[in-house]
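Notes for the structure review
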Amino acid sequence: MEKKLLLGNEAVAQGLYEAGVSVVSSYPGTPSTEITEAVSKYNEIYSEWAPNEKVAMEVAIGASFGGARSFCAMKHVGLNVAADPLYTASYIGVNGGMVCAVADDPGMHSSQNEQDSRRHAIAAKVPMLEPSDSQEALDFTKIAYDLSERYDTPFLLRLSTRISHSRSLVTVSERKEVALKEYKRDVMKNVMMPAMARKAHAKVEDRMDDLTVWADTEAFDLGVNKEELFSDEIGIIAAGSTYVYAREALGEKASYLKLGIVNPLPRKAICDFAKKVKTLYVIEELDDIIETHCIKLGVKVIGREVFSPLGEYNQSIIEKAIFGTKKESVAVECDIPARPPVLCPGCPHRGLYYALKSLNLYVSGDIGCYTLGAQAPLSMMDTCVCMGASVSALHGYNTARGSEAAKKSIAVIGDSTFIHSGITGLIDIVYNKGISTVIVLDNSITGMTGHQNNPLNGKTIKGDPTTAVDLEALAKAIGITNVRVVDPFDIKTTKAVVEEELAKEEPSLVISRRPCALLKNVKHNKALYVEESKCVGCKACLKVGCPAISQKKLENSKTRAVIDANQCLGCGVCVETCRLGAIKTPENN
Amino acid sequence: MNSINILIVGVGGQGTLLASKLMGKIFIDSGLDVKVSEVHGMSQRGGSVVTYVRAGEKVFSPVIDLGEADMMISFEALESARWLPYLKKGGVVISNTAQIDPMPVIMGNAEYPENVLDRISEKGVKVVSADALSLAEQAGSAKAVNIVLLGIAAKQLGFDKEECLNAIRATVPQKTIETNEKAFELGYNL
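Residues numbered from 1 in each chain as written. Chains lettered and ligands numbered in written order. Predicted model: local features only at pLDDT ≥ 70, side-chain atom pairs only at ≥ 80, totals over all residues. Heavy atoms only, no water.

The full count for this structure, using the stated rule, is eight aromatic pairs over all chains. Summarising the aromatic geometry, the rings of Tyr-362 of chain A and Tyr-397 of chain A are spaced 3.5 Å apart at their centres and angled 5° between planes, so their arrangement reads as stacked. Of this pair, Tyr-362 of chain A sits in strand 14 (residues 362-365) while Tyr-397 of chain A sits in helix 17 (residues 389-401); the two residues are 35 residues apart in sequence, bridging distant segments of the chain. Its guanidinium or amino end placed over the ring of Tyr-243 of chain A, Lys-258 of chain A lies 5.6 Å from that ring's centre, counting from NZ or CZ. Directly above the ring of Phe-60 of chain B sits Lys-58 of chain B, whose terminal nitrogen or CZ lies 5.4 Å from the centroid. (Phe/Tyr/Trp six-rings, centres within 6.5 Å; stacked < 30°, edge-to-face > 60°. Helix = DSSP H or I, 4+ residues; strand = E, 2+ residues; numbered from the N terminus. Lys NZ or Arg CZ within 6 Å of the ring centre and 35° of its normal.)

Put into structure tokens, the structure is as follows:
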């Protein structure tokens, strides 16, 4: 059998392949994105990027109705968007097996909150498995399909940044084709109206009881749950990443109850394990779900008392909490400046933000690369909540503060985010006679998650040509008469157009259109340079916040701007900032 | 070998992921269990990034914490200082001499510390530094900085040169093999 070093996300994709899954629909979201990217390489599986997570999950539900094994993936906050279909799919159950992978982000490497997706599993009464490495990611994915069909329920697979984005060795095997199940109309099962749902709810409660029995018995036979006895002093209950941290930190100085099914949790196995050790710890990142379960069972455990609900754990945190030990380390004795992420050199968002900076606007922000413009020196964002909120929250802000505020405020939202959930907010503005100005930053790609195609760019997940949504026509169709398109590198026109639209007593949509600088097919100009004799060191060019421009100290302690030719893509936004004309384009550009 | 922890640090976009993938492959080819923890998403946009490579008979955790790394491979001088506390006593720092100003320095709100690699050496830490960009350009591409640094690290770790070159040939795109082989040699023979 072949062994491969796979990311947790790639291992889930391999599991989908081996389990005979045939329909996959997802919306990108760190740290879940690579699952569906990896799936798109298999010709045996239909895969797509959906406009948002709710659509993705509904596609998976529909494919399950149709008899196929189906799948969707999303990040933790994506499951909020898809919660509506999930909670009722739980009542309906499945025809073909259905699994949804949800990737949490403890420590918020790339997210706006660190909610615990196990809460959704509990609330929706949907069973959830949680792997602790890539091999388990593959194995649990396959097990989830068998259980989904056996217990007539969708399954959740909980991942986290460390599991999704860590590589470990995986044994891969062949795909087992699964025939499409027969479709039969079954209104009592598949149409959820009150009379059917009352019966379904009772069925769901029974199902979760049955799965609790499974968690106490067969889960151990399959190695999904595991008891490892080394010590009768210290016992650890953990799942997913916290199990591997604990196993590394404590080795054979503790015994372990490793849980692979985190909803429902076993009962008997926990009570039995508790009797085998003197002191029992529950180690879980984020919420105290296992701990609360233990308390309900009357099992005495130590959890929140020594472990924080904040951020990501590691082996040292666990060692310190349990043994009080701390590792030695060295540090240099000087302040180390922070290095926050920034907009890339040549980024079209920089041009837009710089063009509008002097207008002193209230900027209702959204989720994407352009959120980075919130930081100095651009400082072009007042609020950022969730996908799509820029548009609807701007309408709320302007409704609260009146038309004068509306003439000094904008929403900024990316192309993919606008399709995800900005459209409905825009309809709200038009329908309710708002006068807000919304700017779509159309860089023809879903950027922050690492370049996924989307319904606006005319390419499928596999890069094949498809119908692109006509944004201008869409805006007009919903009743916006003021639709303008600007090039964000044309600073003067961009500023003038936005000022014109802000002045109108009508809603406007401005499309700031230029492809992401990192796209392979985007041609760049030659790197610019600073003519040192013209530069007086005024630092005006630094206000664009470009990582390619910095200042250097001369021998006479004066400073001059300098452009790093390895980073500069010649976009020219900084040229506009220099009143002395010191920033030059190389000849024969 | 008991277990070995390698921290790979740099600035988002510098190519740290390929270096960690290759390092992982070299360890696997030598029969060890391996875990590599990568950074995707937001920090890749010019932020400080860290990748962990861990190898041994059996590796549980994919992360390396303070005082645990045997070696740090750093793509940028300031990042060497930032992540230094992760190095264990007696650990080695392989560092590019390149300096990339972070935004607070560009804006004049913070100072880039002077002689930052010397400050690390003064702490009694072994530092092997090189202008990896010049060497990469000499090999044929500025993008080969990661392979130059990998070459230096491989020498320090006592890796077999041929085995490393095989891992490189099996991983990088066909048309870049020659450049990457040269880059590796320049680092290895430094």
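Now that the structure is up, let's keep going.
On to the interface of chain B and chain A. Each partner contributes to the interface: chain B provides 58 residues, whereas chain A provides 56 residues. Taken together, both faces of the contact between chain B and chain A bury some 4,900 Å²; the carbon and sulfur share is 59%. Three residues, Met-42, Arg-45 and Phe-60 of chain B, lead the burial of chain B against chain A; their summed loss comes to 17% of the area buried on that side. Remark: the boundary between chain B and chain A carries six salt bridges. Arg-339 of chain A is the partner of Glu-76 of chain B in a salt bridge, and the nearest nitrogen-oxygen pair spans 3.0 Å. At the junction of chain B with chain A, the criterion picks out 21 residue pairs in polar contact (both at pLDDT 80 or more). Top element by residues in the side of chain B that touches chain A is strand 2 (residues 33-37) of chain B. It accounts for five residues. Classifying every residue of the side of chain B that touches chain A by side-chain character gives 29 nonpolar, 11 polar and 18 charged. (Contact = heavy atoms within 4.5 Å. Buried area = accessible area lost by both parts, 1.4 Å probe. Salt bridge = Lys/Arg side-chain N within 4 Å of Asp/Glu carboxyl O. Polar contact = N/O pair within 3.5 Å; in protein donor to acceptor, adjacent residues only side chain to side chain. Nonpolar A, V, L, I, M, F, W, Y, C, P; charged D, E, K, R; others polar.)

Below, the discussion takes up the sheet that holds strand 9 (residues 226-228) of chain A. Residue and element names in this part refer to chain A. Read from one edge to the other, the open sheet built from four strands follows the order 9-11-10-13, with strand pairing classed as mixed. Here the strands that pair on one side only, and so sit at the sheet edges, are strand 9 and strand 13 (279-283). On average, each strand axis in the sheet is tilted by 15° relative to the strand beside it, whichever way the strands run. Judged from the five bridges that link them, strand 10 (residues 234-239) and strand 11 (residues 255-259) form a sheet pairing that is parallel. Within the sheet, the bridge partner assigned to Ala-239 lies in strand 11 and is Leu-259. (Pairing = 2+ DSSP bridges. Axes fitted to C-alpha atoms, helices over the stretch in contact; angles between N-to-C directions.)

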